[in-house]
Amino acid sequence: MNLSPDEVVFWRYGFVTINLTLVTTWGIMLLMVGGSFLITRKLKTGLLISRWQCALEIVVQGINTQIAEAGLPRPEKYIGFIGTLFLFIAIANVGIVLPWYQPPTGSLSTTAALAVAVFLAVPFFGIGKTGVLAYLKTYLQPTFIMLPFNLISDATRTLALAVRLFGNIMSGGMIVGILLSISPLFFPIIMNVLGLLTGLVQAYIFSVLATVYIAAAVAKPAPPEPLPVSN
Amino acid sequence: MEINWFTVVAQLLNFLLLVWLMKRFLYQPVLAAIEAREQKIKAQLNDASMQKTEAQAEREQYQQKNADFDQRKQTLLATAHAEAQAERQQLLDEARQDADTLRTKQATAHQQMQEKMHDDLTHQTRQTVLSLTKKALTDLASAGLEAQALAVFIGRIEHLQGTEKQGFIDAFQAGAKRVQVRSAFALSAEQQAELAAALTALIGTEAACTFTTAPELISGITLSANGYQLAWSVPNYLAELESSLAAATPPREPAGESESEPELRHHASN
């Protein structure tokens, strides 16, 4: 039994390894992009739209709303990153209902890659919004003494992102695997259902945390409110 | 539990590629479609609101027009009514006036006709009475009647008074002192002597009398002295009768009353 899909290697040439994680990811990517392409190819702007378009619009609008609620006022700028993060993790996790499927999110390499993506995205959006100096200044807030703690915070939260997702998904797969050998009839199904819930919750948590980090980076310190002038 | 760094890098690139592809194929088109639809709906709502405003304005305009039209209609109706009333009144007045004129004209014509008929009737009656009287007296005329007439005449001469008597005497005196006696029948000698005696008593002197017969007198005697005449004869009576009849039946007053019409008509139909 494999703990990680990384261990299933299809092809190896020195450093380059094509394993199950990459193949599954490509499959999911193909599914997402292909599905999106097929549906958005025939988008309508009228009042009558297709059901697929309606479903897609609900998803996109829902993500937008979530981003806005998390503190980013113009969600369409961030939906490309955050929405893809959520959809990829969610689809990868929901795939556990398929037989012989091993989610790529159960690989620490994948979750580390996603966490690194968030780690990079935070300064990317922050600098894009406020400029390099202003962004770097946030590490000195509220005082310069906080600089090492801020740096540690950045590093640890990235690590926590990666390990949290990996641990939850891997453990779900592990439990199913162990239960299959003990009582192969009912418990794996129940655990799979639980795994679906856990997977969606993890996708939500991961993307909301990413949103919060980005929001913290792009948010300018609010200017002091002027006192109301009494007449 | 170990990290394959190649996989990490590959997954990172995979993810970035996925982000780009999803942006390209999902988010941008869907968001653009939503935006376009929202714009379209907003435009339609604006359009609908504008149309509603326009419709409201048109409706108000139409109502205003309707009210104006109603008012104008009422005014026109009232004017037409008043004019018709005035016209009717005028026509009625004219008709009444015409009727009055006609009635007056008719009444006048009626009255004239009535008067003419009355006159005709009176004249005819008078003529009839006279001719009947004349005929009766002519039939009755005889020597005996002549004697009676003479007696009456003598009585009248004897009782002659005043201006008549004086006039006759004056005429007699002025003339040839002769008296012309005319009678319808020839008088006998006694009658002539009686008359002469009466004349003598009247005048006071002997009068020479000439006796002639005049059948046109029918009955009666005429004395003529120098143009002055004393007569008691039927033609005289008839003339007197005629004049008194004419005096007794003066032209009738105009009779406009409708009650007299049946009587007149009754007269006319007879």
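So, how was this worked out
- Residues numbered from 1 in each chain as written.
- Chains lettered and ligands numbered in written order.
- Predicted model: local features only at pLDDT ≥ 70, side-chain atom pairs only at ≥ 80, totals over all residues.
- Heavy atoms only, no water.
- UniProt positions renumbered as here; feature names shortened; annotations may be inferred.
- Helix = DSSP H or I, 4+ residues; strand = E, 2+ residues; numbered from the N terminus.
- Rg over C-alpha atoms; globule rule 2.2 N^0.38 Å.
- Buried < 20%, exposed > 50% of the residue type's maximum accessible area, 1.4 Å probe, protein only.
- Contact = heavy atoms within 4.5 Å.
- Areas by Shrake-Rupley, 256 points an atom, 1.4 Å probe, with all protein chains shown as cover.
- Lys, Arg positive; Asp, Glu negative; His and termini not counted.
- Charge placed at Lys NZ, Arg CZ, Asp CG, Glu CD.
- Expected span 1.5 Å × (residues − 1).
- Axes fitted to C-alpha atoms, helices over the stretch in contact; angles between N-to-C directions.
- Parallel < 35°, antiparallel > 145°, perpendicular 65-115°, else oblique.
- Left-handed = near helix turned anticlockwise from the far one by under 90°.
- Nonpolar A, V, L, I, M, F, W, Y, C, P; charged D, E, K, R; others polar.
- 1 Å grid on protein atoms, 1.4 Å probe; cavity = no way out; pocket = protein on both sides within 12 Å on 5 of 7 lines; lining within 4 Å.
- Points joined across faces, edges and corners; volume = space filled by probe spheres on them.
- Core = buried A, V, L, I, M, F, W, Y, C linked by side-chain atoms within 4.5 Å.
- Buried area = accessible area lost by both parts, 1.4 Å probe.
- Salt bridge = Lys/Arg side-chain N within 4 Å of Asp/Glu carboxyl O.
- Pairing = 2+ DSSP bridges.
- Right-handed = clockwise from strand over helix to strand, strands pointing away.

Under an unreviewed UniProt entry, chain B has the name ATP synthase subunit b and belongs to Hymenobacter artigasi. Under the Sequence similarities (unreviewed entry) heading, UniProt states for chain B: "Belongs to the ATPase B chain family."

Looking at an unreviewed UniProt entry, one finds chain A named ATP synthase subunit a and attributed to Hymenobacter artigasi. We quote the UniProt Function (unreviewed entry) comment for chain A here in full: "Key component of the proton channel; it plays a direct role in the translocation of protons across the membrane."

Caption draft 1: Highlighting the overall build of chain B. Tallying secondary structure elements over chain B gives six helices and four strands in all. The helix and strand sequence of chain B, counted from the amino end, reads α-α-α-β-α-β-β-β-α-α. A compact globule built from 270 residues should have a C-alpha radius of gyration of about 18 Å, whereas chain B, at 66 Å, is more than 25% larger. Along the first, second and third principal axes, the C-alpha set of chain B runs to 215 × 35 × 25 Å. Split into buried and exposed, the 270 residues of chain B put 26% on the buried side. Pairs at least 24 residues apart make up 82% of the contacts formed inside chain B by residues separated by at least 6 positions. Accessible surface, chain B: about 18,300 Å² in total, of which carbon and sulfur atoms supply 56%. One way to put it: in chain B the 25 positive side-chain charges average out to a point 13 Å from where the 34 negative ones average out.

Caption draft 2: Helix 1 (residues 20-40) of chain A, seen in detail. If you check helix 1 of chain A, its first and last C-alpha atoms are 29 Å apart, about what 21 residues at 1.5 Å a residue would give, namely 30 Å. Three or more residues of helix 1 of chain A are buried, namely Leu20(A), Thr21(A), Leu22(A), Thr24(A), Thr25(A), Ile28(A), Met29(A), Met32(A), Val33(A), Ser36(A), Ile39(A) and Thr40(A). Against the buried residues of helix 1 of chain A lie strand 1 (9-13), strand 2 (16-19), helix 2 (51-69), helix 3 (79-94) and helix 4 (108-130) of chain A together with helix 1 (5-140) of chain B.

Caption draft 3: Here's a closer look at the packing of helix 3 of chain A against helix 4 of chain A. All names here are of chain A. Interhelical geometry of helix 3 versus helix 4 gives an angle of 170° and a closest axis separation of 12 Å. Taken together, helix 3 and helix 4 sit at an angle that is classed as roughly antiparallel. Viewed along their axes, helix 3 and helix 4 form a crossing whose handedness is left-handed. On helix 4, the residues touching Phe81, Leu85, Phe88 and Ile89 of helix 3 are Thr110, Leu114, Ala117, Val118, Ala121 and Phe125. For the contact of helix 3 with helix 4, the residue count by class is nine nonpolar, one polar and no charged.

Caption draft 4: Quick peek at the UniProt feature "transmembrane region" (unreviewed entry) in chain A. Residue and element names in this part refer to chain A. Here, UniProt's "transmembrane region" (unreviewed entry) annotation points to residues 20-39, 78-101, 113-136, 165-187 and 193-216. As annotated, residues 113-136 has a helix share of 96% and a strand share of 0%, and its two end C-alpha atoms lie 24 Å apart. Note that residues 193-216 is 100% helix and 0% strand, and that its end C-alpha atoms are spaced 35 Å apart.

Caption draft 5: Broad picture of the packing of helix 4 of chain A against helix 7 (residues 187-218) of chain A. All names here are of chain A. The interhelical angle for the contact between helix 4 and helix 7, taken along N-to-C directions, is 30°, at an axis separation of 8 Å. As the angle between them shows, helix 4 and helix 7 are arranged roughly parallel. Between helix 4 and helix 7 lies a crossing whose hand is right-handed. On the side of helix 4, the interface is formed by Leu114, Ala115, Val118, Val122, Phe125, Gly126, Lys129 and Thr130, while helix 7 contributes Phe206, Ala210, Tyr213, Ile214, Ala217 and Val218. Class assignment of the residues belonging to the contact of helix 4 with helix 7 gives a composition of eleven nonpolar, two polar and one charged.

Caption draft 6: Structural view of the layout of surface pockets. Residues and elements named next belong to chain A. By volume, the largest pocket amounts to about 730 Å³. Secondary-structure elements contributing two or more residues to the lining of the largest pocket are helix 6 (147-182) and helix 7. If one sorts the elements of the lining of the largest pocket by residue count, helix 6 sits on top with eleven residues. In terms of residue class, the lining of the largest pocket is made up of 19 nonpolar, 13 polar and no charged. Of the voids in this model, the second largest pocket is the one considered here, and its volume is about 370 Å³. If you trace the second largest pocket, you find 14 residues lining it, with Met32, Ser36, Ile39, Leu56 and Ile91 closest to the centre. Its residues assigned to classes, the lining of the second largest pocket shows twelve nonpolar, two polar and no charged.

Caption draft 7: Fine view of the nonpolar core. Within the largest apolar cluster, 58 residues are counted, with the highest numbers of intra-cluster contacts made by Phe81(A), Leu85(A), Val118(A) and Ile214(A). If you list the elements that add at least two residues to this core, you get helix 1, helix 2, helix 3, helix 4, helix 6 and helix 7 of chain A together with helix 1 of chain B. Among the elements that line this core, the one with the most residues is helix 1 of chain B, at 13 residues. With residues near it in sequence (within four places) discarded, Ile214(A) still touches Leu72(A), Tyr78(A), Phe81(A), Ile82(A), Val122(A) and Phe125(A).

Caption draft 8: Examining the interface of chain A and chain B more closely. At the interface, 49 residues of chain A touch 32 residues of chain B. Of the roughly 3,600 Å² buried where chain A meets chain B, counting both sides, 76% is carbon and sulfur surface. Among the residues of chain A in contact with chain B, Met29(A), Val33(A) and Thr45(A) are the three that bury the most area, contributing 15% of the side total. Applying the counting criterion to the chain A and chain B interface returns one salt bridge.

Caption draft 9: Focus on the pattern of salt bridges. Residues and elements named next belong to chain A. Across all of its chains, the model carries seven salt bridges over all chains by this definition. For Arg157, the salt bridge is made with Asp154, and the minimal N-O distance between the two is 3.3 Å. Highlighted residues: Arg157 and Asp154, both in helix 6, separated by three residues, approximately one helical turn. For the pair Arg157 and Asp154, one class covers both residues: buried.

Caption draft 10: Up close: the pairing of strand 2 (residues 208-213) of chain B. Residue and element names in this part refer to chain B. Note: strand 1 (residues 178-183) against strand 2, six bridges, orientation parallel. Bridge assignment links Arg178 to a residue of strand 2, and that residue is Ala208. As a crossover connection, the stretch from strand 1 through helix 4 (residues 189-203) into strand 2 is right-handed.

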